[in-house]
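Reading the structure
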Amino acid sequence: MGESGGPHDAAAAPVVPFSQFVLKMHSRCDLSCDHCYVYEHADTSWRGKPRAVPEAVLTRTAERIAEHARAHALPAVHVVLHGGEPLLAGPALLRRAAEELHRALPPGCALDLRIHTNAVLLSTAFLDLFAEYGIKVGVSLDGDRTANDRHRRFADGRSSHAKVLAALDLLRRPEYRHLYAGLLCTIDLENDPIAVYEALVALEPPRIDFLLPHATWDSPPPRPERLGAHPYADWLLAVHQRWSADGRPVPVRTFDSVHRTLRGRSSLTESLGLDPADLVVVETDGGFEQADSLKTAYDGAPATGFTVFEHTLDQVADHPGMRERQSGLAGLAEQCRACPVVRSCGGGLYAHRYRTGSGFANPSVFCGDLMQLITTVRDRIGPAATVPAQAAPVEPDLTDDQFDQLAAGYGDRATVTALAAAQLGLTRRMLAALAEGRPDAWQLLAELDGRAPHALDAVLGHPYARAWAARCLRGERGADLGGLAELAAAAALRARVEVDLPVPVRGGAVHLPTLGRLIVGGAGEARLTGTAEGFTVRGTTVGWDTPAGGAWQPVRRVALPGWTLALEDTDPQRDSHQWPVAERLSDEELLGWTGALREAWELVGRDLPTYAPGLAAGLGTVTPLRPGPDGRDVSAAARQAFGAVGIARPATAPILALLLVHEFQHVKLGAVLDRHELFDPADDRLYHAPWRPDPRPLEGLLQGTYAHLAVTEFWGTRVRTYDGLAGTAADRARLQFALWRSHTAAAVDTLAASGSLTKLGERFAEGMGNAVRPWLDVPVGPSVEAAARAEAAAARAAWEARAAAPGRT
């Protein structure tokens, strides 16, 4: 490592698993930027690296990441394809990287795949590839042409600015806009800050990131005397003032991080805050390295000596340099630990602390600027109540394409993932409103938010976490704030960090959302103590290798191709559906569910392929219900439990497939309604729903119509399967199809004619109408059509009779 030189024993700190991976696709660049830390600073290791990453390195890297994700139960990993200039690797090698990563990752671990580029070579061929694999694109640009040309030029001195703008025009096309991740700008004091800001905002980025130029105490940044004592702070503060006056039109990572850390939340960037580093770099030769920014410190500074072929990521995480960067406040210089803004500054970027002789045990070379920036922003935004736990990052709204996908009844993986992210943010805000009730649990959640955010998100994303919070906020009888301790304990255990916390005992058991329940007997509270090896409650110890059975009853999961589902039969908050929940499944019942789900998933993939990606992205929990009256098939979704459906296992796999897609329609629409107003909530009229004898409020009619888009398509695919065949099953499929397409089309018309839809609601209804209309042309035979019309007419007459009864509106 050379001169790591921290002020404490980093080996004593717990290892934090990696969740961010920088994969070098090419070690060379087509530009010759004179401020580049890779080629122009202290490190020269790039000279000995392969130009393009070999396929063997890609394969082994994907396997190492998957191995790490399984070992630490990571819910998601974030991979950035980088360089040099990664587009120099070409489409074929970039495709191979995406394929290997998608192939290797275990079920239940999401992949956030991005590429960072100078965009000079960006073309529709690359963007079509990126759209296929959901690869988001970040672009380096330093502002207008004058600003950009100071550093970002070709080797022969030519400007790169026009090529980058042309690439951004492509990226902003409607078919590619969803891939646009943002712009990264390196500050140069000679550039006018407002001109740079205006040039960047004009390109409509989803996010902007301003970077301080890389420098150390050995090679300090330029500081012209005419610009005063804190020129970098002054530059950023000029932008901050204009950005604030403009109403903050775009997220700016630096400013958002200052705002968040001043309120006790986690930072969005490694250059601010005390969050432990969870990033590792894989070079083109397969070598594991620390953060690229260390290349500015000294030759060989990022090296670890480890490779993807010979070492696991856990070994890399145990490297002294990695541990040093995960040690938070204890790893800072004494001067930093005593600083009043240390929790916001975090000592600045690790590389910027370097000085020969004392290593990294120094304040940042930008210390005075960071102090000026943070204190001025603090004074501008005024005092605010501290909210320790991080609210979810503000997600960009649904794109037009994503909204239209949902209106048609579908929603691909990216669309449903966006809904899930918004739901997680809502859950976090609900929990923040309950924080004062259990300050000990809330403090633990706040610590985990900085230390292990992915483990925390996995628990807060549990469907019944929000259901419990909603009960508490409504003041329902029996709802208590002990749930906050259950969530905090579960997140700490998932993160493998030490925990000592009183937790409630409900029905003789301690419940840990997403993990399971431990039977301990009694009631009241019990103290839970946990370490990286397991946890103990009332003398009963559970290790991570403890088998199921006896006192420990873990949540059991069904792993299907491309989809992992939890069969939730332990969480007391799961009783959130309109039908009673089943008790703990026996081994035989579990086997029956597993087989039925496997067969149903195969049917969904074959017969309803446009529903499958969204289902896999958003439905993570099935709660077994008790059979309905007379053994009827029953199922339900809960508005406050995104990601879960309740189902009593039906007799056949096709009906299970139908119930899964039907109920998940309600889940998706509930999430849409949480984000968008589709109708006038003041409309209290009741409407005819063709499938029910009782009139429904407008939202109920909308929910039913949306769910029955999937029902219509399900029976439509069954009709096609039975094309040309006779028999009871074929006749039933045709009748059900004729009924549901008629019901759904009529309900869409009722919604459209209500006069209470917003403009967005009208667009949504139009999408539903367009989706059901082609099914109306599928022939089913005169007798079936007649039977369907007769049944629909009888239902209408029954509804009209009820509507005409006294007291009906």
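Here, every reference points to the structure presented above.
Note that the structure is predicted; figures quoted are calculated from it, not measured.

Section: the overall build of the protein
Check the secondary structure of the protein and you find 26 helices and 23 strands. The C-alpha radius of gyration computed for the protein amounts to 29 Å, which stays within 12% of the reference 28 Å derived for 809 residues, consistent with globular compactness. Overall, the protein is about 85 × 65 × 55 Å in size when its C-alpha atoms are taken along their principal axes. A total of about 32400 Å² of accessible surface is found on the protein, and carbon and sulfur atoms cover 52% of it. A gap of 2 Å separates the mean positions of the 82 positive and 97 negative side-chain charges of the protein.

Comments concerning the sheet that holds strand E20 (residues 635-636)
Read across the sheet, five strands follow the order E17-E18-E19-E21-E20 without closing on themselves; strand pairing throughout is mixed. At either end of the open sheet lies a strand with only one pairing partner, and these are strand E17 (556-560) and E20. Summarising the sheet, strand E18 (residues 563-567) and strand E19 (residues 621-624) pair through two bridges and their orientation is parallel. Its bridge partner being in E19, Ala 566 is matched across the sheet by Thr 621. Across the face of the sheet, helix H22 (residues 653-675) comes into contact with E18, E19, E20 and strand E21 (644-647) while running at roughly 140° to E21.

What about helix H20 (residues 587-607)?
For H20, spanning 21 residues, the distance from its first C-alpha to its last is 30 Å, which sits close to the expected 30 Å at 1.5 Å a residue. Every buried residue of H20 is accounted for by Leu 590, Gly 592, Trp 593, Thr 594, Ala 596, Leu 597, Ala 600, Trp 601, Leu 603, Val 604 and Asp 607.

Points about the packing of helix H7 (residues 231-245) against helix H8 (residues 253-262)
The interhelical angle for the contact between H7 and H8, taken along N-to-C directions, is 85°, at an axis separation of 11 Å. It follows that H7 is roughly perpendicular to H8 by the angle criterion. Judged by residue contacts, Leu 236, Val 239, His 240 and Trp 243 of H7 engage Phe 255, Asp 256 and His 259 from H8. Here the residues of the contact of H7 with H8 are counted per class, giving four nonpolar, two polar and one charged.

Looking at the environment of Asp 731
You can see Asp 731 is positioned in helix H24 (residues 728-753). Under the relative-accessibility criterion, Asp 731 is labelled partly exposed at 43%. Once the C-alpha coordinates of Asp 731 and Val 780 are considered, the two residues, 49 residues apart in sequence, prove to be 9.1 Å apart.

Let's talk about the pattern of salt bridges
On inspection of all chains with the given rule, the structure shows 47 salt bridges. Two residues, Glu 100 and Arg 103, come together in a salt bridge whose shortest N-O distance is 2.6 Å. With Glu 100 and Arg 103 both in helix H2 (residues 90-104) and three residues apart, the pair spans about one turn of that helix. On the basis of relative accessibility, which here comes to 7%, the residue Glu 100 falls in the buried class.

A look at the nonpolar core
Grouped together as the largest cluster of nonpolar side chains are 95 residues, with contacts concentrated most on Met 25, Phe 130 and Phe 210. Here this core gets seven residues from one element, more than from any other, and that element is H7. Excluding its chain neighbours within four sequence positions, the residues that come into contact with Phe 130 are Leu 87, Leu 94, Ile 115, Leu 122, Ile 135, Val 137 and Leu 179. Judged by nonpolar contacts, the second largest core, of 81 residues, contains Val 604, Ile 647, Ala 738 and Trp 775.

Section: the packing of aromatic side chains
The tally for this structure, following the rule as stated, stands at 15 aromatic pairs. On the numbers, 5.7 Å between centres and 70° between planes, the contact of Phe 403 with Phe 764 is edge-to-face. On the criterion of sequence distance, the pair formed by Phe 403 in helix H14 (residues 400-407) and Phe 764 in helix H25 (residues 759-772) is long-range, its members being 361 residues apart. Of the two residues examined, Phe 403 and Phe 764, each falls in the buried class. Seen from their ring centres, Phe 737 and Trp 775 are 5.7 Å apart, and the 80° between their planes marks the pair as edge-to-face. Here the residue Phe 737 occupies a position in helix H24, and Trp 775 occupies one in the loop between H25 and helix H26 (782-804), the gap between them amounting to 38 residues. Classification of Phe 737 by relative accessible area gives buried; the value is 0%. Taken together, the aromatic side chains of Phe 210, Trp 235, Trp 243 and Phe 255 make up a single cluster linked through ring pairs. Geometry around Phe 154 places Arg 158 over its ring, the cationic atom sitting 4.3 Å from the centre.

Considering H7
With 15 residues, H7 should cover 21 Å at 1.5 Å per step; its first-to-last C-alpha distance of 21 Å lies within 8% of that length. For H7, the set of buried residues is Pro 231, Tyr 232, Ala 233, Trp 235, Leu 236, Leu 237, Val 239, His 240 and Trp 243. Contact partners of the buried residues in H7: helix H6 (193-201), strand E6 (208-211), H8 and helix H13 (367-381).

Topic: the state of the cysteines
Applying the stated criterion across every chain, the model contains zero disulfides. Here Cys 336 stays unpaired: no disulfide links it, and the sulfur of Cys 367, its closest cysteine neighbor, is 6.1 Å away. Free cysteine: Cys 345, not disulfide-bonded; nearest cysteine sulfur from Cys 336 at 6.4 Å. Given the relative accessible area of 12%, Cys 345 is considered buried.

Concerning the pairing of E6
Of the pairings in the sheet, the one linking strand E5 (residues 180-186) to E6 comprises four bridges and is parallel in character. Across the sheet, the residue bridging to Thr 186 is Leu 211, located in E6. Between the parallel pair E5 and E6, the chain is carried across by H6, and the sense of this crossover is right-handed.

With respect to the sheet that holds strand E15 (residues 540-543)
Spatial ordering of the open sheet is given by E10-E13-E14-E15, a layout of four strands whose pairing is antiparallel. Where the open sheet ends on each side, the last strands, each with one partner, are strand E10 (499-504) and E15. Across the sheet, the mean angle from the axis of one strand to that of its neighbour is 20°, orientation sign disregarded. The sheet contact formed by strand E14 (residues 534-537) and E15 spans four bridges and is antiparallel. Bridge pairing in E15 links Val 537 to Thr 540. The strands touched by helix H19 (residues 482-495) are E10, strand E13 (525-531) and E14; relative to E10, the strand with the most contacts, the crossing angle is about 145°.

Quick look at the packing of H14 against H25
Close contact between H14 and H25 brings their axes to 7 Å; oriented N to C, the two are set at 55°. What the angle tells us is that H14 and H25 run oblique. Of H25, the residues touching H14 (which contributes Asp 400, Phe 403, Asp 404, Leu 406 and Ala 407) are Leu 760, Arg 763, Phe 764, Gly 767 and Met 768.

Rules used throughout
- Residues numbered from 1 in each chain as written.
- Predicted model: local features only at pLDDT ≥ 70, side-chain atom pairs only at ≥ 80, totals over all residues.
- Heavy atoms only, no water.
- Helix = DSSP H or I, 4+ residues; strand = E, 2+ residues; numbered from the N terminus.
- Rg over C-alpha atoms; globule rule 2.2 N^0.38 Å.
- Areas by Shrake-Rupley, 256 points an atom, 1.4 Å probe, with all protein chains shown as cover.
- Lys, Arg positive; Asp, Glu negative; His and termini not counted.
- Charge placed at Lys NZ, Arg CZ, Asp CG, Glu CD.
- Pairing = 2+ DSSP bridges.
- Contact = heavy atoms within 4.5 Å.
- Axes fitted to C-alpha atoms, helices over the stretch in contact; angles between N-to-C directions.
- Expected span 1.5 Å × (residues − 1).
- Buried < 20%, exposed > 50% of the residue type's maximum accessible area, 1.4 Å probe, protein only.
- Parallel < 35°, antiparallel > 145°, perpendicular 65-115°, else oblique.
- Nonpolar A, V, L, I, M, F, W, Y, C, P; charged D, E, K, R; others polar.
- Salt bridge = Lys/Arg side-chain N within 4 Å of Asp/Glu carboxyl O.
- Core = buried A, V, L, I, M, F, W, Y, C linked by side-chain atoms within 4.5 Å.
- Phe/Tyr/Trp six-rings, centres within 6.5 Å; stacked < 30°, edge-to-face > 60°.
- Lys NZ or Arg CZ within 6 Å of the ring centre and 35° of its normal.
- Disulfide = S-S within 2.5 Å.
- Right-handed = clockwise from strand over helix to strand, strands pointing away.

Keep in mind these values describe shape, not function.
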